[in-house]
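Observations on chain architecture
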Amino acid sequence: MAEALFERFPKHRVEVLGGEVTVEPLPDIGHAGILTDVMAACFKAGMVGAGPKPIQRIAIWLPTGPDDYAMPDLSIVDPEIHNHMVTYNCYDPKCFRLVLEVTSAVLCSDLTRKPAAYAMAGVPVYVIVDRIDRRVMVLTDPTDGDYREQVVHRPGQSFTLPETSVMLSVDDLLS
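Starting from 1, residues in each chain are numbered consecutively following that chain's sequence as written. Totals for whole chains, interfaces and linings use all residues, but because this is a predicted model, local features are given only for residues with pLDDT of at least 70 and pairs of side-chain atoms are given and counted only at 80 or more. Based on all heavy atoms of the structure, the side-chain values leave hydrogens and waters out of the count.

**Observations regarding the overall build of the chain**
- In this description a helix means any DSSP run of H or I spanning at least four residues, a strand means any run of E spanning at least two, and both kinds are numbered starting from the N terminus. Counting its regular elements, the chain contains 4 helices and 14 strands.
- With a 1.4 Å probe rolled over the protein chains alone, any residue whose accessible area is under 20% of its type maximum counts as buried; one over 50% counts as exposed, and the rest are partly exposed. When burial is assessed residue by residue, the chain has 46% of its 175 residues classed as buried.
- Residue contacts are defined here by distance: any two heavy atoms, one from each residue, within 4.5 Å place the two residues in contact. Of all intrachain contacts in the chain linking residues separated by at least 6 positions in sequence, the fraction that spans at least 24 positions is 49%.
- Accessible surface computed for the chain: about 8,700 Å², of which carbon and sulfur atoms make up 55%. Residue-level accessible areas treat just the shown protein chains as cover; the underlying method is Shrake-Rupley with a 1.4 Å probe.

What follows is the structure in structure tokens.
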């Protein structure tokens, strides 16, 4: 069904979480601008060349169901990820060092279903740029389908993405 929806709605993001298919429209300019800012910060911090690199909208295969996958807004992945495609252009979660989502109309998914799915997959860091509540949540230490460490950054604060030297300002992201 996800394949048929993707073909029928090519300008939408189709994901399968917990066996349920979700379809979202393409992001707005504010959403896209946040991703551009994060990518720029990654490049400024030296994430180019042979090491880990930021990539937008590639699919991660999830262990939460037989056909589950998600397409994070941005991921920091290992350089050998191209050798780890599972199926349907989805990649093995062991290649993902960090996933980042910018909230959209399907806020519930970004804050509840996706953290559990990414934690089950063993993704070390999950970052949520929450435009609605004006905060950035950084979740780490995935254990048994949950992130044990959760830090909330608010306007006026800056922080470094875990496992990187990428410095981000909440004000810049949410402006």
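**Observations regarding the packing of aromatic side chains**
- Working definition: a ring pair exists when centres of Phe, Tyr or Trp rings (six-membered ring for Trp) sit within 6.5 Å. Plane angles under 30 degrees give stacked, over 60 give edge-to-face, the rest tilted. All told, the structure shown has 2 aromatic pairs when counted by the stated rule.
- Taken together, a centroid distance of 5.0 Å and an interplanar angle of 70° make the contact between Tyr118 and Tyr126 edge-to-face.
- Judged by its relative accessible area of 0%, Tyr118 is buried.
- Here Tyr126 and Tyr147 contribute two aromatic rings whose centre-to-centre distance is 6.4 Å and whose plane-to-plane angle is 35°, an arrangement assigned as tilted. With Tyr126 in strand E10 (residues 125-130) and Tyr147 in strand E12 (residues 146-153), this pair connects stretches of sequence that are 21 residues apart. Here Tyr126 matches Tyr147 in class, with each residue buried.
- Through a chain of ring-to-ring contacts, three or more aromatic side chains come together here, namely Tyr118, Tyr126 and Tyr147.

**Some remarks on the sheet that holds strand E3 (residues 53-56)**
- If you walk across this open sheet you meet the 6 strands as E3-E6-E9-E10-E11-E12, and the pairing is mixed. Only two strands of the sheet have a single neighbouring strand rather than two, namely E3 and E12. Neighbour to neighbour, the strand axes of the sheet diverge by 20° on average, direction disregarded. Pairing between two strands is assigned when DSSP locates at least 2 bridges connecting them. What counts as an axis is a line fitted to C-alpha atoms, over the stretch in contact for a helix, and the angles between N-to-C directions run from 0 to 180 degrees.

**Considerations on the side chain of His31**
- Looking at the element boundaries, His31 is found in helix H2 (residues 29-44).
- Note on His31: relative accessible area 3%, which makes it buried.
- Only 3.2 Å separates the side chain of His31 from the side chain of Asp73, close enough to count as a polar contact. For the purposes of these results, a polar contact is taken to be a pair of N or O atoms within 3.5 Å, where, inside protein, one atom must be able to donate a hydrogen and its partner to accept one; residues adjacent in sequence count only when each atom of the pair is a side-chain atom.

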